[in-house]
Amino acid sequence: MRKVAVYRNGIFAGILIEENRKQFVFKYDKTYFDDSQMPAISLTLPKRQQEYTSEVLFPFFFNMLSEGVNRKLQSTQLRIDEDDSFGLLMATAQSDTIGAVTVNPLIEK
């Protein structure tokens with residue numbers, strides 16, 4: 001299981017979890033959810049208390065990744081399987097993303 005903290009404009013918004021290669025979960029943080037001033041991170045992930053589940057990496061997060069030659073280059077340089085979208089997201093979406101959302105890996109202790 002791998003997890004990332006999801007931030008919108010530097011504010012903690014929720015957690016994205018890869019339970020396995022075919023099960024993904026996104027859940028908004030309670031503090032973020034309760035603040036009516038904070039918008040949803042995506043139109044496809046509107047704010048709600050229930051967690052979202054998917055058999056593929058949510059398209060919103062998948063679309064934060066590079067494609068084609070850039071993806072191949074990143075996966076080679078980072079030594080991450082090109083098909084490991086979650087791993088690439090963990091490694092490349094910590095800063096300098098297009099848009100307001102970034103992610104940071106969470107390490108279980």
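This is a predicted model, so every value here is computed, not measured. (Residues numbered from 1 in each chain as written. Predicted model: local features only at pLDDT ≥ 70, side-chain atom pairs only at ≥ 80, totals over all residues. Heavy atoms only, no water.)

Caption draft 1: A look at the packing of aromatic side chains. Per the counting criterion, the structure on display carries seven aromatic pairs. Ring geometry for phenylalanine 24 against phenylalanine 86: centres 6.2 Å apart, planes inclined by 35°, an arrangement best described as tilted. In this pair, phenylalanine 24 is assigned in strand β3 (residues 23-28) and phenylalanine 86 in helix α4 (residues 85-92), connecting sequence segments 62 residues apart. Exposure class is identical for phenylalanine 24 and phenylalanine 86. Each is buried. Where phenylalanine 58 meets phenylalanine 61, the ring centres are 6.5 Å apart and the plane angle is 70°; that geometry is what we call edge-to-face. Phenylalanine 58 sits in the buried class, given a relative accessible area of 7%. Aromatic ring contacts, followed pair by pair, group Phe26, Tyr28, Tyr32, Phe58, Phe60 and Phe61 into a single cluster. (Phe/Tyr/Trp six-rings, centres within 6.5 Å; stacked < 30°, edge-to-face > 60°. Helix = DSSP H or I, 4+ residues; strand = E, 2+ residues; numbered from the N terminus. Buried < 20%, exposed > 50% of the residue type's maximum accessible area, 1.4 Å probe, protein only.)

Caption draft 2: Representation of the nonpolar core within the structure. In terms of nonpolar packing, the biggest core is built from 24 residues, with Val6, Leu16, Phe26, Ile41, Leu45, Phe58 and Phe61 touching the most fellow members. Secondary structure elements with two or more residues in this core: β1 (2-8), β2 (11-20), β3, α4 and β5 (101-106). The element that contributes the greatest number of residues to this core is α4, accounting for four residues. Excluding its chain neighbours within four sequence positions, the residues that come into contact with leucine 16 are Arg2, Lys3, Val4, Val6, Val25, Phe26, Leu57, Phe58, Phe61, Phe86 and Leu89. (Core = buried A, V, L, I, M, F, W, Y, C linked by side-chain atoms within 4.5 Å. Contact = heavy atoms within 4.5 Å.)

Caption draft 3: α4, seen in detail. Most of α4 sits inside the fold, with six of its eight residues counted as buried. Buried within α4 are the following residues: Ser85, Phe86, Gly87, Leu88, Leu89 and Met90. Of the surrounding secondary structure, the elements contacted by the buried residues of α4 are β1, β2, β3, α2 (59-62), α3 (68-78) and β5.

Caption draft 4: Looking closely at the sheet that holds β1. With respect to topology, five strands assemble into an open sheet ordered β4-β3-β2-β1-β5, the strand pairing being antiparallel. In this open sheet, the two edge strands, each paired with only one partner strand, are β4 (52-54) and β5. Here the average twist between neighbouring strands, direction ignored, is 25°. Across six bridges, β1 lies against β5 in antiparallel orientation. What sits directly across from tyrosine 7, in β5, is threonine 102. In the packing of α4 onto the sheet, contacts are made with β1, β2, β3 and β5, and the angle to β1 comes to roughly 50°. (Pairing = 2+ DSSP bridges. Axes fitted to C-alpha atoms, helices over the stretch in contact; angles between N-to-C directions.)

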